[in-house]
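Architecture at a glance
The primary structure of each chain is shown beneath.
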Amino acid sequence: MKISSSSKIRGQIVPPPDKSISHRMLLFSSISTGKCTVHNLLRSEDTLRTMNFIKSIGAFVKDEGERIVIIPPVKLQEPSFPIDCGNSGTTSRIGMGLLARENFFSVLYGDESLSKRPMKRVVKPLSALGAKFDGRNNASNLPLSIRGGNLHSTRYVSELSSAQVKSAFIFAALSAEGESIYVENVQSRDHTEKFLSQFDLIKKDGNELKIIPGDIPAFTFEVVGDFSSAAFFLVLSIIHSNARLKINRVGLNPTRTGLLKVLKRMGGNIEIEKEEGVEPVGNIVAESSELKGTEVLPEEIPSMVDEVPLIALLGAFAEGETVVHGASELRKKESDRIEATVNILKKMGANIEGLEDGFRVRGKTPLHGAKVKSFGDHRMAMLASIAGVCSDGVEIEDAECVSISYPAFFSDLKGVME
Ligand code: S3P
């Protein structure tokens, strides 16, 4: 994929539906008590994996275009075949929590990247509830088999701030014989809790979540736009020297929007209009800005975990030093995102150094064209594209992986380049 530079960025973006929320709506509907309707569900490679996942345990899914109707089975069925989770960490990890509810046998597998990603983080809390696992490297990696059912309540203190791990626990604990507690020291995204607290199935008290076993009633839900996808356009409009963009109907859940705080302290010109709801939503207007470097602290990372690579790009366009610490989780994503970010931006002329748990960038340095790899990682392909538009173009190998989360990314990008 060849991306050219652009002298002017103008227009509006309606970001694709939120990936995290879309996965959850499919999974919730498969264990609800009746017919569910989801409006504005993301259709991307990852969420189609979750759609197949719920079909293979007996859900009926009808895609009607503007909305999707899901009819859950009366009782989840044992899948006849191993379930392919592709590249999707969320399908496999939260999916394990769902499968742990049932006393049947199931097997999950994934692509090369997913097969390398750590699964013990989910196996441990689900085993504490009573589920049984087997798999590669002593049940640390896919393929994994699961046999669950007859779960007992427990109190689990997590060593990680991970919404996938927390959600897997919650899905399973909803079917346990009594109330369970999940403790997370730094808050990760809370889409699962927000949804379930509508039905009094979960209560939050400080950093403790109490999960009250029960059924999810039939529901209708509209998915907001994905902040993590919108973030590429947000950063584009801020670092480009002649830009102004409006981003419409984007999710503004504070557990996701840490990047906005970083942008503000770097000097980003942003205006936000926000509406409250189960999931807050709003519009953002952003334009070319004079940036200064910043330090991002470990406790800020969970609220911007998928946006951290964009901070490196911002750092290259900012006066002074930008440092990120406490982001070692980035090494365990679809690619090693610390290594990939440093590799891509260095090739394009940035003064960037990788750290064990983050990176250090010294700006401003003018970026130049280069041929870079996406490392098969959708967010790395989009990062390189934005860097290319703001320099003198870029050539990206294996860029089609954007379809994991944002199938229309390249056409949306073309649409704002004048
Ligand atoms: C996600 C949580 C995050 C994020 C991933 C999606 C989710 O992972 O990086 O893209 O939907 O819960 P962790 O929970 O492992 O940090």
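Residues numbered from 1 in each chain as written. Predicted model: local features only at pLDDT ≥ 70, side-chain atom pairs only at ≥ 80, totals over all residues. Heavy atoms only, no water.

**Some thoughts on the domain arrangement of the chain**
- By the assigned domains, the chain splits into domain 1 (2-16 + 224-416) and domain 2 (19-222).
- Summarising the inter-unit geometry, the C-alpha centres of domain 1 and domain 2 are found 29 Å apart.
- Taken residue by residue, the interface counts 24 residues in domain 1 and 27 residues in domain 2.
- When domain 1 packs against domain 2, close to 2,200 Å² is buried across both sides, 50% of that on carbon and sulfur atoms.
- At the junction of domain 1 with domain 2, the criterion picks out three salt bridges.
- When the shortest N-O distance is used, the salt bridge between Arg-121 and Glu-329 registers 2.9 Å.
- At the boundary of domain 1 with domain 2, the tally comes to 13 residue pairs in polar contact (both at pLDDT 80 or more).
- Of the residues contributing to the side of domain 1 that touches domain 2, the split by class is eight nonpolar, six polar and ten charged. (Domains from an automatic or database assignment. Contact = heavy atoms within 4.5 Å. Buried area = accessible area lost by both parts, 1.4 Å probe. Salt bridge = Lys/Arg side-chain N within 4 Å of Asp/Glu carboxyl O. Polar contact = N/O pair within 3.5 Å; in protein donor to acceptor, adjacent residues only side chain to side chain. Nonpolar A, V, L, I, M, F, W, Y, C, P; charged D, E, K, R; others polar.)

**Section: the nonpolar core**
- Ranked by internal contacts, the top residues of the largest apolar core, which has 75 residues, are Phe-233, Leu-313 and Phe-409.
- With ten residues, the single largest contributor to this core is helix H9 (residues 227-239).
- Sequence-distant contacts of Phe-233, defined by excluding residues within four places in its chain, comprise Ile-13, Leu-245, Ile-247, Tyr-406, Phe-409, Asp-412, Leu-413 and Val-416. (Core = buried A, V, L, I, M, F, W, Y, C linked by side-chain atoms within 4.5 Å. Buried < 20%, exposed > 50% of the residue type's maximum accessible area, 1.4 Å probe, protein only. Helix = DSSP H or I, 4+ residues; strand = E, 2+ residues; numbered from the N terminus.)

**Observations concerning the state of the cysteines**
- Inspection of every chain in the model, using the stated rule, returns zero disulfides.
- Unpaired in this structure, Cys-85 has its nearest cysteine sulfur neighbour in Cys-401, at a distance of 19 Å.
- What makes Cys-85 buried here is its relative accessible area of 0%. (Disulfide = S-S within 2.5 Å.)

**Concerning helix H2 (residues 45-56)**
- Over its twelve residues, H2 extends 17 Å from the first C-alpha to the last, a length consistent with the 16 Å expected when each residue adds 1.5 Å.
- Every buried residue of H2 is listed here: Asp-46, Thr-47, Thr-50, Met-51, Phe-53 and Ile-54. Seen along its axis, H2 keeps its buried residues to an arc of 155°; they face one direction.
- The inward-facing, buried residues of H2 contact helix H1 (19-30), strand S4 (60-63), strand S5 (67-71), strand S6 (83-84), helix H3 (89-99) and strand S7 (105-109).
- Count one or two residues on from H2 and you reach Gly-58, which has phi positive near 110°. (Expected span 1.5 Å × (residues − 1). Arc of directions from axis to C-beta.)

**Here we look at the sheet that holds strand S1 (residues 2-3)**
- In space, the three strands of this open sheet follow the order S1-S24-S23, with mixed pairing throughout. Looking along the sheet, the strands with just one partner apiece sit at the ends: S1 and strand S23 (371-373).
- Pairing of S1 with strand S24 (residues 394-397), which is carried by two bridges, proceeds in the antiparallel orientation. Bridged to Ile-3 within S24 is Val-394. (Pairing = 2+ DSSP bridges.)

**Concerning the sheet that holds strand S11 (residues 180-183)**
- Strand order in this open sheet of four strands is S10-S11-S13-S12, and the pairing throughout is mixed. Strands at the two margins of the open sheet, each flanked by one partner only, are strand S10 (155-157) and strand S12 (202-205). Across the sheet, the axes of successive neighbouring strands diverge by a mean angle of 15°, strand direction being ignored.
- One ladder, built from four bridges, connects S11 with strand S13 (residues 208-211); its direction is antiparallel. Across the sheet, Ser-180 pairs through a bridge with Ile-211, a residue of S13.
- Sheet strands touched by helix H7 (residues 163-173): S10, S11, S12 and S13. Its angle to S11, the strand with the most contacts, is close to 175°. (Axes fitted to C-alpha atoms, helices over the stretch in contact; angles between N-to-C directions.)

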